[in-house]
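# Examination of the molecular architecture
For reference, the chains in residue letters:
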Amino acid sequence: MDDDEPFLASLARLLRASGFRVKAFSAAAEFLAQRPADAPGCVVADLQMPGMTGIELQEALAKSGAPLPIVFLTGHGDIPTSVKAMRYGAEDFLTKRTPREKLLAAVQRALERDARSRKERKRLRELHALFDQLTPREREVLTHVLTGQLNKQIAADLGIDERSVKRHRTSLMSKLQVQSVAQLAQLAAEAGISGH
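Glancing now at the packing of helix α5 (residues 100-132) against helix α9 (residues 181-191). At a minimum axis distance of 9 Å, the contact between α5 and α9 shows a crossing angle of 120°. One element, α5, and the other, α9, form an angle in the oblique class. Relative to α9, the crossing made by α5 is left-handed. Between α5 and α9, the residues in contact are Arg123, Leu124, Leu127, His128, Leu130 and Phe131 and Leu187, Ala188, Glu190 and Ala191, respectively. A class-by-class count of the residues in the contact of α5 with α9 yields seven nonpolar, one polar and two charged.

Here the structure, examined in full by the defined rule, presents ten salt bridges. For Glu138, the salt bridge goes to Lys175, with nearest N and O atoms at 2.9 Å. Remark: Lys175 occurs in helix α8 (residues 162-175) and Glu138 occurs in helix α6 (residues 136-146); sequence separation between them is 37 residues. Using a relative accessible area of 4% as the deciding quantity, one classes Glu138 as buried. Judged by relative accessible area, which is 24%, Lys175 ranks as partly exposed.

Here the focus is the nonpolar core. With 20 residues, the main nonpolar core has Phe131, Val141, Leu142, Leu172, Leu176, Leu184 and Leu187 as its most contacted residues. Among the secondary structure elements, those contributing two or more residues to this core are α5, α6, α7 (151-158), α8 and α9. Counting residues per element, this core draws most heavily on α9, which supplies four residues.

Turning to the packing of aromatic side chains, a few remarks are in order. In the structure shown here, the tally under the stated rule is two aromatic pairs. Between Phe25 and Phe31 the ring centres are 5.4 Å apart and the planes differ by 70°, which places this aromatic pair in the edge-to-face class. You'll find Phe25 and Phe31 in the same group, each marked buried. Between Phe72 and Phe93 the ring centres are 6.0 Å apart and the planes differ by 55°, which places this aromatic pair in the tilted class. With Phe72 in strand β2 (residues 70-74) and Phe93 in strand β3 (residues 92-95), the pair connects residues that are 21 residues apart, well separated along the chain. Judged by its relative accessible area of 0%, Phe72 is buried. The buried category is assigned to Phe93, whose relative accessible area is 17%. The ring of Phe7 carries the charged tip of Lys96 above its face, separated from the ring centre by 4.6 Å.

This brings us to the layout of surface pockets. Empty space within the largest pocket amounts to approximately 660 Å³. Every residue lining the largest pocket is counted, 24 residues in all, and those nearest its centre are Arg21, Val22, Lys23, Gly41 and Cys42. Elements that contribute at least two residues to the lining of the largest pocket include exactly α1 (5-17), α2 (28-34), β1 (43-45) and α5. Element by element, the count of residues in the lining of the largest pocket is highest for α1, at four residues. Counted as a void, the second largest pocket has a volume near 170 Å³. Every residue along the wall of the second largest pocket is listed here: Gln58, Leu61, Ala62, Pro67, Leu68, Pro69, Ile70, Tyr88, Gly89, Arg113, Ser117 and Arg121. Put simply, the parts of the chain that give the lining of the second largest pocket at least two residues each are α3 (54-63) and α5. Of the residues in the lining of the second largest pocket, the class split is seven nonpolar, three polar and two charged.

Definitions and cut-offs
- Residues numbered from 1 in each chain as written.
- Predicted model: local features only at pLDDT ≥ 70, side-chain atom pairs only at ≥ 80, totals over all residues.
- Heavy atoms only, no water.
- Axes fitted to C-alpha atoms, helices over the stretch in contact; angles between N-to-C directions.
- Helix = DSSP H or I, 4+ residues; strand = E, 2+ residues; numbered from the N terminus.
- Parallel < 35°, antiparallel > 145°, perpendicular 65-115°, else oblique.
- Left-handed = near helix turned anticlockwise from the far one by under 90°.
- Contact = heavy atoms within 4.5 Å.
- Nonpolar A, V, L, I, M, F, W, Y, C, P; charged D, E, K, R; others polar.
- Salt bridge = Lys/Arg side-chain N within 4 Å of Asp/Glu carboxyl O.
- Buried < 20%, exposed > 50% of the residue type's maximum accessible area, 1.4 Å probe, protein only.
- Core = buried A, V, L, I, M, F, W, Y, C linked by side-chain atoms within 4.5 Å.
- Phe/Tyr/Trp six-rings, centres within 6.5 Å; stacked < 30°, edge-to-face > 60°.
- Lys NZ or Arg CZ within 6 Å of the ring centre and 35° of its normal.
- 1 Å grid on protein atoms, 1.4 Å probe; cavity = no way out; pocket = protein on both sides within 12 Å on 5 of 7 lines; lining within 4 Å.
- Points joined across faces, edges and corners; volume = space filled by probe spheres on them.

Structure representation (structure tokens):
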């Protein structure tokens, strides 16, 4: 993404010749308007563009449900901006005179990072779908189990009998497809669910 049309065309040719699928845009807003919701890939962008800057684009991508890694390729780099870009998760911050091998390596790393992120987001969605199957009472029992309480303690805390606790506990373990409290704790930690 670059408002320098000849540079943009040259960059697109280089990336295509290196085996990458490329869609070129001269403005960030145009890219955001046309971007398919969860398309895989990465963004190679200039910092200084009309309308939305590269950093503003990076912030918009980060806030979206499916962020993309970004490689900055700029003729106007300065240390504070590059630090800010890297802090916000840019894959790399390169000048337009960077050797092509270094640029291609950065794009490849960004694509690999996107694939890992997609896999993690998919796993998280699957985990949340599992936990969403739990009834409100099973969720209550779950939070107590995660703090290490025994059935008797859980029953006292929830004001129900111990047999009901056992039934809810068995049901939630079955729904979450785990065999032990250790597996349950690991699954809950992966899903970002705590016992507090």
